[in-house]
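# A closer look at the structure
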Amino acid sequence: MLAIQPFFGGEERTESETRLTRAPLVNMERTDWMWKAFLPEGSDRDHPVANVFGPNAVDISAVDFPATVVFVGGFDPLQDWQRRYYEGLKKRGKQAELVFFPNAIHTFYAYPELEDSSAFIHKVGDFVQSRSVTATDTVH
């Protein structure tokens, strides 16, 4: 599975959310609005779809979860939540890899003129190729 800068959150304010208040595209004000608009009425940001390994999380330890690569950008206010997702997968025995682009903003991959965009495309290709080989080996 490709987790490309996954959009997670929670009631707690993380260091990256409070530090990167002027980041383009994503900031606390916008994410708060999105959670309020899309979570079930009466829910807070610790809802299990927002904070997947938070206080209301569903245990996925026994779930056959696919190998996952989590892409994180250093200028993405959601990066702490994305790292927690990666760590949560590992803690529950899931195969996960973290790929960090220190200079990347949220949705950097949509801008082909950015150097990291090309590196991202190559990393996605490598991951998909490696999973295709694994799937082929399993079938034979």
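Residue positions are given per chain, counting from 1 as you read along its sequence in written order. Only residues with pLDDT of 70 or above have their local features reported here, since the model is predicted, and side-chain atom pairs are shown and tallied only from 80 upward, although totals for entire chains, interfaces and linings are computed over all residues. As a rule here, side-chain values come from all non-hydrogen atoms in the structure, and water together with hydrogens is ignored.

Here the term buried applies to any residue with accessible area under 20% of the maximum for its type, exposed to any over 50%, and partly exposed to those in between, with areas from a 1.4 Å probe on protein chains only. Helix and strand labels come from DSSP, where a helix needs a run of H or I of at least four residues and a strand needs a run of E of at least two; each type is numbered from the N terminus. Of all eight residues in strand β2 (residues 68–75), seven are buried; the element is thus mostly enclosed. Strands were regarded as paired on the criterion that DSSP finds at least two bridges between them. The sheet contact formed by strand β1 (residues 2–4) and β2 spans three bridges and is parallel. If you follow Leu2 over to β2, its bridge partner there is Val69. With seven bridges joining them, β2 and strand β3 (residues 96–105) adopt parallel strand pairing.

With parallel pairing, three strands are arranged side by side in an open sheet as β1-β2-β3. On the outer flanks of this sheet lie β1 and β3, each paired with one strand and no other. Between one strand axis and the next, the sheet turns through 20° on average, direction left out of account. We call two residues contacting when some pair of their heavy atoms lies within 4.5 Å. Fitted lines through C-alpha atoms give the axes, limited to the stretch in contact for helices. The angle between two N-to-C directions lies from 0 to 180 degrees. In this fold helix α3 (residues 79–91) packs onto β1, β2 and β3, with an angle of close to 155° to the strand it touches most, β2.

This part covers unusual backbone geometry. If you check the backbone angles, Gln5 has positive phi at about 45° while not being a glycine. One non-glycine residue with positive phi stands out, namely Leu25, at about 75°. Considering the arrangement of structural elements, one finds Leu25 in the loop between α1 (15–19) and α2 (28–38). For Leu25, a relative accessible area of 38% corresponds to the partly exposed category.

A separate point is the nonpolar core. We define the nonpolar core as a collection of buried residues of types Ala, Val, Leu, Ile, Met, Phe, Trp, Tyr and Cys that are connected through side-chain atoms lying within 4.5 Å of one another. The biggest cluster of nonpolar side chains holds 12 residues, and these are Ala3, Phe8, Val26, Phe53, Ile60, Val70, Val72, Leu78, Trp81, Tyr85, Leu89 and Ala96. Of all elements in the fold, only β2 and α3 reach the threshold of two or more residues within this core. Sort the elements by how many residues they give to this core and α3 lands first, with three residues. Those residues within four positions of Ala3 in sequence are excluded, and the remaining contacts are Thr68, Val69, Val70, Phe71 and Tyr85.

Attention now goes to the packing of aromatic side chains. Side-chain rings of Phe, Tyr and Trp, where Trp is taken by its six-membered ring, are said to pair if the distance between their centres is within 6.5 Å; with planes under 30 degrees apart they count as stacked, over 60 as edge-to-face, and otherwise as tilted. Under the counting rule described, the total for this entry stands at 10 aromatic pairs. Ring geometry for Phe101 versus Phe108: centroids 5.0 Å apart, planes at 50°, classification tilted. By relative accessible area, Phe108 is classed as buried at 1%. Here the aromatic cluster, defined as three or more aromatic residues joined through ring pairs, consists of Phe71, Phe101, Phe108, Tyr109 and Phe120. Only Lys NZ and Arg CZ are tested; either one counts as a charge over a ring when it is within 6 Å of the ring centre and within 35 degrees of the ring normal. The ring of Phe100 is capped by Arg83, whose NZ or CZ atom sits 4.5 Å from the centre of that ring. It is Arg84 that lies over the ring of Trp81; its NZ or CZ is 4.7 Å from the centre.

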